[in-house]
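# Observations on chain architecture
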Amino acid sequence: MKKVLILSSSPRKKGNSQLLCEQFQRGAEAAGHTVTLVRLAEKKIGFCRACDGCMRNGGTCVFRDDMGPILEQFRQADVVVLATPVYFYGISAQMKAWIDRTYPIWQSLGHKEVYYIVSAGLGADVIARSLGDLDGFVEHLDRPEIRGRLYAADVMDAGLVRDQPIFQQAYEMGRGV
Ligand SMILES: Cc1cc2nc3c(=O)[nH]c(=O)nc-3n(C[C@H](O)[C@H](O)[C@H](O)COP(=O)(O)O)c2cc1C
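All of the points below concern the structure found in this document. (Residues numbered from 1 in each chain as written. Predicted model: local features only at pLDDT ≥ 70, side-chain atom pairs only at ≥ 80, totals over all residues.)

### Observations concerning the environment of Leu 37
- Along the polypeptide, Leu 37 turns up in strand S2 (residues 34-39).
- In this structure the C-alpha to C-alpha distance between Leu 37 and Leu 7, which are 30 residues apart in sequence, comes to 6.2 Å.
- Ignoring any residue separated from it by four or fewer positions in sequence, one finds Leu 37 in contact with Ile 6, Ser 8, Cys 21 and Gln 25. (Helix = DSSP H or I, 4+ residues; strand = E, 2+ residues; numbered from the N terminus. Contact = placed C-beta atoms within 7 Å.)

### Some thoughts on the site of the ligand
- In the vicinity of the ligand, 19 residues are found, and the nearest of them are Gly 15, Ser 17, Pro 85, Gly 121 and Leu 122.
- In terms of residue count, helix H1 (residues 16-30) provides more of the shell around the ligand than any other element does, three residues in total.
- Here the residues of the shell around the ligand are counted per class, giving eleven nonpolar, seven polar and one charged. (Near = placed C-beta within 6 Å. Nonpolar A, V, L, I, M, F, W, Y, C, P; charged D, E, K, R; others polar.)

### Points about the nonpolar core
- In terms of nonpolar packing, the biggest core is built from 45 residues, with Ile 6, Leu 7, Leu 20, Val 81 and Ile 117 touching the most fellow members.
- Residues in contact with Ile 117, not counting those within four places in the same chain, are Ser 17, Leu 20, Cys 21, Phe 24, Val 81, Ala 83 and Leu 150. (Core = buried A, V, L, I, M, F, W, Y, C linked by C-beta atoms within 7 Å. Buried ≥ 20, exposed ≤ 12 C-beta atoms within 10 Å, placed from the backbone.)

### A look at helix H4 (residues 93-100)
- Listed as buried for H4 are Gln 94, Met 95, Trp 98 and Ile 99. Buried positions in H4, seen along its axis, are confined to an arc of 135 degrees and lie on one side of it.
- Looking at the buried positions of H4, the neighbouring elements they touch are strand S1 (3-8), strand S3 (79-85) and helix H6 (132-138). (Arc of directions from axis to C-beta.)

### Some thoughts on the environment of Val 81
- Inspection of the secondary structure puts Val 81 in strand S3.
- Remark: the alpha-carbon pair of Val 81 and Val 155, spanning 74 residues in sequence, is separated by 20 Å.
- Filtering out sequence-adjacent residues up to four positions away, Val 81 remains in contact with Val 4, Ile 6, Leu 7, Cys 21, Phe 24, Tyr 115 and Ile 117.

### Notes on unusual backbone geometry
- The phi dihedral of Phe 88 is positive, around 50 degrees, even though this residue is not glycine.
- The topology assignment puts Phe 88 in the loop between S3 and H4.
- Phi is positive for Tyr 89, which is not a glycine, with a value near 55 degrees.
- Examined against the element boundaries, Tyr 89 turns out to sit in the loop between S3 and H4.
- By the C-beta count within 10 Å, which is 13 here, Tyr 89 ends up partly exposed.

Here it is, written out as structure tokens:
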């Protein structure tokens, strides 16, 4: 059985990407995996200050906020789900702040099975051109392996994914972990 860490970065509690994360979680739990879902917007995660303190002290950030425990969960995870809304043709600020704060361990991120869950008000082409920051992070993993991409397009209002096939697909994707 695998350890699954879902990083959900929409500030909307009933947002489309959040709902898909919950579906993924249900599916993965039904398959017997251990799942932790973290809502980044509700955590205290300061911006990386680029002080390089972590580079000098062997990998400990100078901040004592919520990132430490999340980074430990990340280290232990076999599977990581990166979930974000598209904001201005990019990822959410919450997700970008999280990625930057992995800097203390960027040279030893380890191997993970990765899934993307992305929601956008406009079309799928918008999503495809918006994920450079996620890809840039994943490239630093050991043997990067993107196992699945779930793109919810044309969902401007929170909750719209509930009425779409992608809602069930998220469950199946989780179950397939
Ligand atoms: C600040 C902001 C910027 C956005 N920029 C885009 C965008 O560039 N392209 C797009 O298709 N949708 C954009 N949207 C719409 C969201 O991507 C859409 O509402 C999405 O479903 C939000 O995901 P969530 O429901 O998981 O929060 C933006 C929304 C906000 C609040």
